[in-house]
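Chain residues, written in single-letter form:
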Amino acid sequence: MSELQQGQSQTQSQAQTPTSAPQPLQLRIRHTTGYTYSEGATASYNEARMTPLTTSDQTLLRSRLEISPSPWTFEFRDYWGSTVTAFEVHEDHDELEVVATSTVETSGATPVPAGTPWDALDALADEWCEYLMASPWTTPPADLLDALEPLRADAATPSDFAQAVGRFLHASLAYVPGTTTVDSTAADAWAARSGVCQDFAHLMVGVLRVAGIPARYVSGYLHPSSEPQVGETVEGESHAWVEWFDGEWIGWDPTNDVAPAGRHVVVARGRDYADAPPLRGIYATDGDSSLSVGVEITRLR
């Protein structure tokens, strides 16, 4: 059996810097993932996290997941609250295609940090302990922590520090697709001083956890234009960013140095990428496989 996994770092690019205030948007998203098997596959077992969530800042209006060949499916919410469609293909097939089509309305709002003081973080440790633990994906290197120590000393609150970390990473790392892979760690990206949004998010999550701030990894979609036009279909992006807890969950996109707003669509959350891949599974074949991924986003209003 071989492993099937779609990595966000294969499909993401940096969005344009926004030039106006966030605005509510209604977006239609079509996310297509395809696998072609050189010698065919005899079975495939998978989990798809490709259905956007309904949250306080976005509403899922409709969604559809089409899979070919036609599989057995089962939908559930995972431990982290993400919608998962498990599916199995038990027939011989040369290709596997998964098409997720969703319509989402985003509010454009950005939550305001409550200003939780540093000495109140210990009270959060039990409730959010899983978002405070390091993992191989997120463990930050010592030289990065040393470089951030002055920011920690100057930050009046944990949220001030979180935003400063996001801006520091945006300024310190180059966005260069191909310099890291889906299996790269935060330390790998920092050593290269480059990566994609998965790497930016892992680094920021790791640094905040070391500081005692509960932080989680968010995956979803990003409309790449700062001024989306109604009716225009564009090549969108699978994307990743960060949320930390300050009375409520506060988001930051360190790749683009912005707070997530109307152009960001939340699909899954977790401790790191391993909890939130768009598509993951295994398949049986005697040959190789090739992956194709496409995301199209249309602003409806």
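All values derive from a computational prediction rather than experimental measurement.

Can you tell me about unusual backbone geometry, naming the residues and giving the values?
Geometrically, the link from Ser-68 to Pro-69 is a cis peptide bond, its omega value of 0 degrees lying close to zero. By the element assignment, Pro-69 lies in the loop between strand 3 (58–68) and strand 4 (72–77). Not every positive phi belongs to a glycine, and Arg-193 is a case in point at roughly 55 degrees. Within the fold, Arg-193 resides in the loop between helix 3 (186–192) and strand 8 (194–195). Unlike most non-glycine residues, Asp-257 shows phi in positive territory, near 60 degrees. Within the element layout of this structure, Asp-257 appears in the loop between strand 12 (248–252) and strand 13 (264–270).

Could you give an account of helix 2 (residues 158–172), with specific residues and numbers?
In this model helix 2 runs 21 Å from its N-terminal to its C-terminal C-alpha over 15 residues, within 8% of the 21 Å that 1.5 Å per residue would give. Every buried residue of helix 2 is listed here: Pro-158, Ser-159, Phe-161, Ala-162, Val-165, Gly-166 and Leu-169. In a view along the axis of helix 2, the buried residues occupy a sector of 160 degrees, so they form one face of it. Along its buried surface, helix 2 packs onto helix 1 (142–154), helix 3, helix 4 (197–210), strand 11 (237–246) and strand 12.

Describe the environment of Asp-246, with residues and values.
Relative to the helices and strands, Asp-246 is located in strand 11. The buried category is assigned to Asp-246, whose relative accessible area is 2%. Discounting residues that sit within four places of it in the chain, Asp-246 has contacts with Pro-113, Ala-114, Gly-115, Thr-116 and Ser-159. Within the structure, Asp-246 has its side chain in polar contact with the backbone nitrogen of Ala-114 (distance 3.4 Å). Within the local environment of Asp-246, its side chain forms a polar contact with the side chain of Thr-116, the two groups lying 2.5 Å apart.

Could you give me a rundown of a negative patch on the surface, with the residues and numbers involved?
Judged by side-chain charge, Glu-91, Asp-92, Asp-94, Glu-95 and Glu-97 come together as a negatively charged surface patch. Structurally, the position occupied by Glu-97 is in strand 6 (residues 93–106). Of the residues examined, Glu-97 reaches a relative accessible area of 41% and is grouped as partly exposed.

Which residues make up the side chain of Thr-157, and what are the values?
Here Thr-157 is to be found in the loop between helix 1 and helix 2. Thr-157 gets classed as buried once you look at its relative accessible area, which sits at 16%. If we skip the residues at most four places from it in the chain, Thr-157 touches Gly-115, Thr-116 and Trp-118.

Requested: an account of the packing of aromatic side chains, with residues and values cited.
Considering all chains together, one arrives at twelve aromatic pairs under this definition. Judged by centre distance (6.1 Å) and plane angle (20 degrees), the rings of Phe-74 and Phe-76 are stacked. What makes Phe-74 partly exposed here is its relative accessible area of 46%. You can call Phe-76 partly exposed: its relative accessible area is 27%. Taken together, a centroid distance of 5.4 Å and an interplanar angle of 80 degrees make the contact between Tyr-131 and Trp-249 edge-to-face. Of the two residues, Tyr-131 sits in the loop between strand 6 and helix 1 while Trp-249 sits in strand 12, which places them 118 residues apart along the sequence. Tyr-131 gets classed as buried once you look at its relative accessible area, which sits at 6%. An aromatic cluster is present here, built from Tyr-79, Trp-80, Trp-128, Tyr-131, Phe-245 and Trp-249 joined pairwise through their rings.

Rules used in this analysis
Residues numbered from 1 in each chain as written. Predicted model: local features only at pLDDT ≥ 70, side-chain atom pairs only at ≥ 80, totals over all residues. Heavy atoms only, no water. Helix = DSSP H or I, 4+ residues; strand = E, 2+ residues; numbered from the N terminus. Expected span 1.5 Å × (residues − 1). Buried < 20%, exposed > 50% of the residue type's maximum accessible area, 1.4 Å probe, protein only. Arc of directions from axis to C-beta. Contact = heavy atoms within 4.5 Å. Polar contact = N/O pair within 3.5 Å; in protein donor to acceptor, adjacent residues only side chain to side chain. Patch = residues over 30% accessible without salt bridge, like charges linked within 9 Å, V, L, I, M, F, W, Y side chains within 5 Å. Areas by Shrake-Rupley, 256 points an atom, 1.4 Å probe, with all protein chains shown as cover. Salt bridge = Lys/Arg side-chain N within 4 Å of Asp/Glu carboxyl O. Lys, Arg positive; Asp, Glu negative; His and termini not counted. Charge placed at Lys NZ, Arg CZ, Asp CG, Glu CD. Phe/Tyr/Trp six-rings, centres within 6.5 Å; stacked < 30°, edge-to-face > 60°.

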